[in-house]
Amino acid sequence: MSTLSCVREQQITIGGMPSNYVPGLSASYNISSFCHRPGLTRRCAMQRPGPSAQHRPGRSHSTGALHRMKHSSRNSPNTQYTHNLICKLADQNERRRRHDTMELIPQSYYSQQPLKVELTEFYSRDNAKDHHTEQYELVNDNILPNPVLRRGQNFFFAVRFDRTYDKQQDVIRIVFCFGPKPSVTKGTRVVLSVNLNTQQGVFQHSRDMMGLGMARMQEATTTIAPIGTMGTIGTMTTVSTIGTMGPMSGMRETTTYGVRRSSFGNETMPLQHSPLSPPGPMDRPPIERYSATAQHPSFGRSYGSRHGSRHGSSQNLTSMTHEMDKWDVSVQRQDGNTITFQVHVPATAPVGVWNCWVQTNRTGQRDNRHDYKCDEDIYVLFNPWCREDSVYMDNDAFRKEYVLNEQGKIWCGTWRQPKGRKWIYGQFDDVVLPACMYLLERSGLEHSERGNPVRVCRAISSIINANADDDGLMVGRYDGEYKDGVSPHAWTGSVAILERYLTDGGRPVEYGQCWVFSGLVVTICRALGIPCRSVTNYVSAHDTNRTFTVDKYFDRDGNEVPNGPDEDCFDSCWNFHVWNDVWMQRPDLPQGYSGWQIIDATPQEEAEAVYHCGPASVEAVRRGEVGFQYDTPFMYGQLNSELCHFQEEENSDWGFIRMASNQCQVGRKILTKNPGRDDDEGESDLLEITHEYKSVDSSGPDRGTVIASCRGYQRLQQYYEYPDRNFDDVYFDLMDIDVVPYGQPFDCTMNIQNKSHEDRTILCVLTASACYYTGAIASRLRRAQGEFIVRAGQREVLKLHVTPQEYMDKLVDHSMVKVHAMAYVKQTRQAWSDEDDFPLNKPRMQVQVRSQPSVGQECSVTFSFQNPLTVHLTDCYFTVEGPGIQRPRQIRFRDVKPGEFVNFQDKMTPRRAGEKHIVATFSSRQMDEKFGCAAVSVRG
């Protein structure tokens, strides 16, 4: 007998949809399963495996007939005829049913495909003006400008389709996605349906007025009438034109608006207005304040923009407040094939890089959908101008300083001699935002949590430093060995560090210290829209065993016992330590603890198995509320711990006695840059904020009580048992050292006064050492030790003279010298210890611009200084940077002779007008920390 062959039926589509799809029918009902078209062999269903001698429910008639034909003894031509007959009858029946079904479906249903997107325009530069992001270089990119938007506000974008939108049959959805696995329930995927029947929705642009002026302009520029009233997009100027609204054959590119990259022709189109071009300037009618009425169906609202105003009745206000908490879209304008949308980004949206998709389909045909992904990366930032944003800052001068200022000062030196160092934050550079987004990805912070500034700032504090178990941004080093990297003193700002991090594939940059970490935090926070400042704490405690003391141990001869008698004490007291304050609300804390919050990116102690610190409320630290998160006890300890010196004593029960000290306080002075003030030559722009961190009167918390609540009463007694000073009759004082120029000698002086009526035998030790700014000793410069008698009522003065030859080749970072004095009175067992740190001052580098520079014109900049050393300087190079004038650049330089006066000239071409700063450093193998800066006014 002949065998029936099975051939797969070719799928027929109508309008992009399968011909067997009927709206309203179950998806499992397939009409074509019974269809046999002429010219094709009948498609048979798969036979079930295993023997099947009788008919079973669910088996097709064709299968049953085939089964009987194979196994029946009456296998005759009649059997074949019967099989062919049933197939023919079934096919005829299906054709009739299909014809009946097709008559029920309008022909227009299959006549057109879904809308297709031809072009998108995000108006990056014009939206940026209202979002305070116009300074970001990503916005001003000439090839493909990226929208940089702040949450809590509206933005505009336009889409041109291949045909006119049909309100009855076309469906448009705008989809925004964030992260690798966008989720609607987690707020990282947003689907907005477009409804042209509610054009312009319930809101409009905060500065715009729908009305007559725009309509007049439209009548003069196009013959296609918009659907309803039209709005304007800020104060946009028509600078980009697109050809006719039919299939695009050409596009004129301009310097203002980049276009979506595609295969367009190069022909220049005639100048004309287009819905994808921003409307031109116009005379705006006066804005009236009114409630919603029949005549005015739309009313303005600012979403916490610069005006912060609200209009309408209390009912409308409630409705608006609810609407502000979610994403929203409305049609601002339709002109032919082009639709301009207005999107509202809620003030709680996650911050990062979002992508936009335009989805289109026909009504009832969602499976036949066109998905169009826009090329632009949409950067959504925090918004300190928006009242509903948790980083809102209501002082415009503070926003200008802590969000928009591209340069500042970071304070180093000592508490008696603060030294401000200019730092270029450069948060608007085109490399900064991409680097920030990559660092947040590496931090492991969930995308759904990136709308919470508390979580974001805690992540930032962990990703700046690179430890052995992570890939942070920068490696910290404090021992002065920087041959395999870049010295921390050679950096002029954050941009070069972030760019090197990206170009090296995310490999940590070498090297940095706390003040470099702080500068990077300012850059990242300000780039993301979080107000941030750099803060320096002088005499900063690093308590490793949570005793709220910095303990040092000395033997009988006055030599320091490293790590204590049990080798488990690693406390230190830094000459200065730099962290950051960020501004935000703290809904997780009681009322009154919002505002400035401390975050510290310098790795010191682990918290939750990660090196991160903060945010800790500044007000909580001031009040001693150490139970509030995050890391408040640690920050309280840096500011309020006590310096404790212990000397070996054979009569002591535990082998050591506590020595008295004149200077036992940490947190001596806390500084930041004064907003709105700049001093390139001196330090008049510093602002002391010690009172914000520590109570200066008796109204503050009792320090002992706060510490006791953290560590327990018994431990408090052990470490805070002061020696009985009633029998102390000898007064000791270590004199402060005034400013010492680099290359000059200095004297360390200790005064002794015997106030008793008897002679006293005193053992004294006076030491001068080169030290790192972390307090660690690098090398001993000179030491004097002796025992002598001070007569009753007499004074003695001990001096230790140190020459430049004794310290020139031993100084390390910041040229710090630590002087330590210790004394012991044999008759009364009186013990005393004190220490003081000071820097040797190097002259600044002079930076001079000969004439006022102009944008696009080359100018000369001169850098000059004198070598203060008596040796040659080798491996020399300059590092120069100036936002809007010069991107970070390293320039190799020849060897410098001893005492030589260096005069180096370089060329720069400014890119942006306004008040700018140029910062430069000079580095060599023998000398660092030679830096200078100059303010420059660039003409447009």
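Residues numbered from 1 in each chain as written. Predicted model: local features only at pLDDT ≥ 70, side-chain atom pairs only at ≥ 80, totals over all residues. Heavy atoms only, no water.

## So, the overall build of the chain
For clarity, the threshold we go by: Secondary structure elements follow DSSP: runs of H or I of four or more residues count as helices, runs of E of two or more count as strands, with numbering from the N terminus. Using a 1.4 Å probe on the protein chains alone, a residue whose accessible area is under 20% of its type maximum counts as buried, one over 50% counts as exposed, and one in between counts as partly exposed. Residue burial considers only the protein chains on display, and all accessible areas are found by Shrake-Rupley using a 1.4 Å probe.
Along the backbone of the chain there are 16 helices and 40 strands. In the chain, which comprises 940 residues, the share counted as buried stands at 53%. Carbon and sulfur atoms provide 48% of the accessible area of the chain, an area that totals close to 42,100 Å².

## Digging into the pairing of strand S37 (residues 886–893)
Put simply, the rule reads: Two strands are counted as paired when DSSP detects at least two bridges linking them.
Bridge count for strand S36 (residues 876–882) against S37 is six bridges, and the pairing is antiparallel. Across the sheet, the residue bridging to Cys 876 is Phe 893, located in S37. As consecutive antiparallel partners, S36 and S37 are separated by three residues, and within that stretch Gly 884 has a phi angle of approximately 80 degrees, a positive value.

## Overview of the pattern of salt bridges
As a reminder of what qualifies: We count a salt bridge whenever a side-chain nitrogen from Lys or Arg sits within 4 Å of a carboxyl oxygen from Asp or Glu.
Under the criterion given, the structure shown has 43 salt bridges. Its salt-bridge partner being Glu 441, residue Arg 450 comes within 2.7 Å of it at the nearest N-O pair. Since its relative accessible area comes to 3%, Arg 450 is described here as buried. With a relative accessible area of 37%, Glu 441 lands in the partly exposed category. The salt bridge involving Arg 507 is made with Asp 504; its shortest N-O contact spans 3.5 Å. Residue class for Asp 504 comes out partly exposed when judged on its relative accessible area of 33%. Three or more residues joined by partner-sharing salt bridges are found here, namely Glu 401, Lys 422, Lys 673, Asp 678 and Asp 680.

## Regarding unusual backbone geometry
Going from Glu 510 to Tyr 511, the amide bond is cis rather than trans, its omega being 5 degrees. Within the element layout of this structure, Tyr 511 appears in strand S16 (residues 509–512). Cis geometry is found at the peptide bond from Gln 629 to Tyr 630, where omega equals 10 degrees. Positive phi values are uncommon outside glycine, yet Arg 829 reaches one of about 60 degrees. Note on placement: Arg 829 falls in the loop between strand S32 (816–825) and strand S33 (830–841). One non-glycine residue with positive phi stands out, namely Glu 929, at about 65 degrees. One can find Glu 929 in the loop between strand S39 (914–923) and strand S40 (930–938).

## Some thoughts on the pairing of strand S38 (residues 901–908)
Burial of the side chains of S38 is restricted to one face: Val 902, Phe 904, Asp 906 and Met 908 are buried, whereas none of Phe 901, Asn 903, Gln 905 and Lys 907 on the reverse face is. Pairing analysis gives eight bridges linking strand S35 (residues 859–866) to S38, with the strands arranged antiparallel. Opposite Gln 866, over in S38, you have Phe 901 as the bridge partner.

## Topic: helix H12 (residues 632–640)
Here H12 lies mainly inside the structure; seven of its nine residues are buried. Of all the positions in H12, only Thr 632, Met 635, Tyr 636, Gly 637, Gln 638, Leu 639 and Asn 640 are classed as buried.

## Section: the sheet that holds strand S8 (residues 328–335)
What counts here: Lines fitted to C-alpha atoms define the axes, with helix axes restricted to the stretch in contact, and inter-axis angles between N-to-C directions lie between 0 and 180 degrees.
Read across the sheet, four strands follow the order S3-S5-S9-S8 without closing on themselves; strand pairing throughout is antiparallel. Since the sheet does not close on itself, it has two edges, and those belong to strand S3 (117–121) and S8, each with one partner. In this sheet, adjacent strand axes meet at a mean angle of 25 degrees when their direction is disregarded.

## Observations regarding the confidence of the model for the chain
What counts here: The pLDDT value tells you how sure the predictor is about a given residue, anywhere from 0 up to 100. Contacts are assigned to residue pairs that have any heavy atoms within 4.5 Å of one another.
Mean pLDDT over the chain stands at 77; residues scoring 70 or higher make up 72%. In this model residues 1–75 is a low-confidence stretch, pLDDT under 50, and it forms 84 contacts with partners more than four residues away in sequence or in other chains. Contacts for the low-pLDDT stretch residues 712–716, under 50 throughout, to residues beyond four places or in other chains number seven contacts.

## Digging into the sheet that holds S36
One open sheet accounts for four strands, arranged S37-S36-S39-S40; its pairing is antiparallel. The open sheet is flanked by S37 and S40, the only strands paired with a single partner. Looking at each pair of strands side by side, their axes are set apart by 15 degrees on average, direction ignored. As paired elements, S36 and S39 share five bridges and run antiparallel to each other. Counterpart to Thr 879 in the pairing with S39 is Thr 921.

## Here we look at the nonpolar core
Inclusion rule: As used in this record, nonpolar core signifies buried Ala, Val, Leu, Ile, Met, Phe, Trp, Tyr and Cys residues forming a set joined through side-chain atoms within 4.5 Å.
Within the largest apolar cluster, 69 residues are counted, with the highest numbers of intra-cluster contacts made by Leu 433, Trp 515 and Leu 528. Listing elements by their share of this core, those giving two or more residues are strand S12 (378–381), strand S13 (407–413), helix H7 (432–443), helix H8 (453–463), helix H9 (495–503), helix H10 (514–528), strand S17 (532–542) and strand S19 (572–584). Ignoring any residue separated from it by four or fewer positions in sequence, one finds Trp 515 in contact with Ile 410, Cys 412, Arg 421, Trp 423, Pro 488, His 489, Phe 576, Val 578, Tyr 773 and His 814. Judged by nonpolar contacts, the second largest core, of 54 residues, contains Cys 748, Ala 770, Val 847 and Val 896.

## Details of the environment of Leu 734
Mapped onto the secondary structure, Leu 734 falls in strand S26 (residues 730–734). By relative accessible area, Leu 734 is classed as buried at 8%. For the pair Leu 734 and Asp 836, spaced 102 residues apart in sequence, the C-alpha separation works out to 7.9 Å. Ignoring any residue separated from it by four or fewer positions in sequence, one finds Leu 734 in contact with Thr 749, Leu 766, Val 819, Ala 821, Trp 832, Asp 834, Glu 835 and Asp 836.

## Topic: a nonpolar patch on the surface
Convention followed: Two distance rules govern patches: like charges are joined within 9 Å, and nonpolar side chains (Val, Leu, Ile, Met, Phe, Trp, Tyr) within 5 Å, applied only to residues with over 30% relative accessible area and no salt bridge.
Taken together, Tyr 81, Leu 85 and Leu 89 make up a surface patch of nonpolar side chains, about 300 Å² in accessible area. Position of Tyr 81 among the secondary structure elements: in helix H2 (residues 77–104).

## Comments concerning the packing of H7 against H10
Let me state the cut-off plainly: To sort the angles, those under 35 degrees are grouped as roughly parallel, those over 145 as roughly antiparallel, those from 65 to 115 as roughly perpendicular, and the leftovers as oblique. Three categories are distinguished: nonpolar for Ala, Val, Leu, Ile, Met, Phe, Trp, Tyr, Cys and Pro, charged for Asp, Glu, Lys and Arg, and polar for the others, with Gly belonging to the last.
The interhelical angle for the contact between H7 and H10, taken along N-to-C directions, is 100 degrees, at an axis separation of 10 Å. Classified by the interaxial angle, the pair formed by H7 and H10 is roughly perpendicular. On H10, the residues that touch Val 432, Leu 433, Cys 436, Met 437, Leu 439 and Leu 440 of H7 are Thr 523, Ile 524, Ala 527 and Leu 528. Its residues placed into classes, the contact of H7 with H10 shows nine nonpolar, one polar and no charged.

## With respect to the environment of Asp 738
Turning to its location among the elements, Asp 738 is positioned in the loop between S26 and strand S27 (740–741). Considered as a pair, Asp 738 and Pro 839 are 101 residues apart in the sequence and their alpha carbons are 9.7 Å apart.

## Focus on the packing of H7 against H8
Two elements in contact, H7 and H8, have axes whose closest approach is 9 Å; the angle formed by their N-to-C orientations is 90 degrees. Relative to H8, H7 is oriented roughly perpendicular. Taking contact as the criterion, the partners of Leu 439, Leu 440 and Ser 443 in H7 are, on H8, Val 456, Ala 459 and Ile 463. Taken together, the residues of the contact of H7 with H8 break down into five nonpolar, one polar and no charged.

## Focus: helix H6 (residues 396–404)
Spelled out, the test is: Identification of polar contacts relies on pairs of N or O atoms within 3.5 Å, with a donor-acceptor requirement for protein atoms, meaning one able to donate a hydrogen and the other able to accept it, and with residues adjacent in sequence counted only if both atoms are side-chain atoms.
For H6, the complete set of buried residues consists of Arg 399, Glu 401, Tyr 402 and Val 403. For H6, the side-chain oxygen to backbone nitrogen distance between the N-cap and Ala 397 is 2.9 Å, and the N-cap itself is Asn 395.

## Observations regarding the packing of aromatic side chains
Under the convention used in this document: Only Phe, Tyr and Trp rings are paired, with Trp represented by its six-membered ring, and only when their centres lie within 6.5 Å; those with planes under 30 degrees apart are stacked, over 60 edge-to-face, the remainder tilted. Look at NZ for Lys and CZ for Arg. If either is within 6 Å of the ring centre and within 35 degrees of the ring normal, a charge sits over the ring.
On inspection of all chains with the given rule, the structure shows 35 aromatic pairs. With a centroid separation of 6.3 Å and 45 degrees between ring planes, the pair formed by Tyr 478 and Tyr 773 is classed as tilted. Within this pair, whereas Tyr 478 is found in the loop between strand S15 (474–476) and H9, its partner Tyr 773 is found in the loop between strand S29 (760–771) and strand S30 (777–790), the two being separated by 295 residues in sequence. Overall, Tyr 773 belongs to the buried group, its relative accessible area being 2%. Just above the ring of Phe 931 sits the side chain of Arg 421; from NZ or CZ to the centre is 4.8 Å. Over the aromatic face of Trp 596 sits the side chain of Arg 533, whose NZ or CZ is 4.2 Å from the ring centroid.

## A closer look at the side chain of Thr 414
Among the structural elements, Thr 414 can be located in the loop between S13 and strand S14 (418–424). With sequence-adjacent residues up to four places away left out, Thr 414 is seen in contact with Tyr 538, Met 816, Asp 837, Phe 838 and Pro 839.

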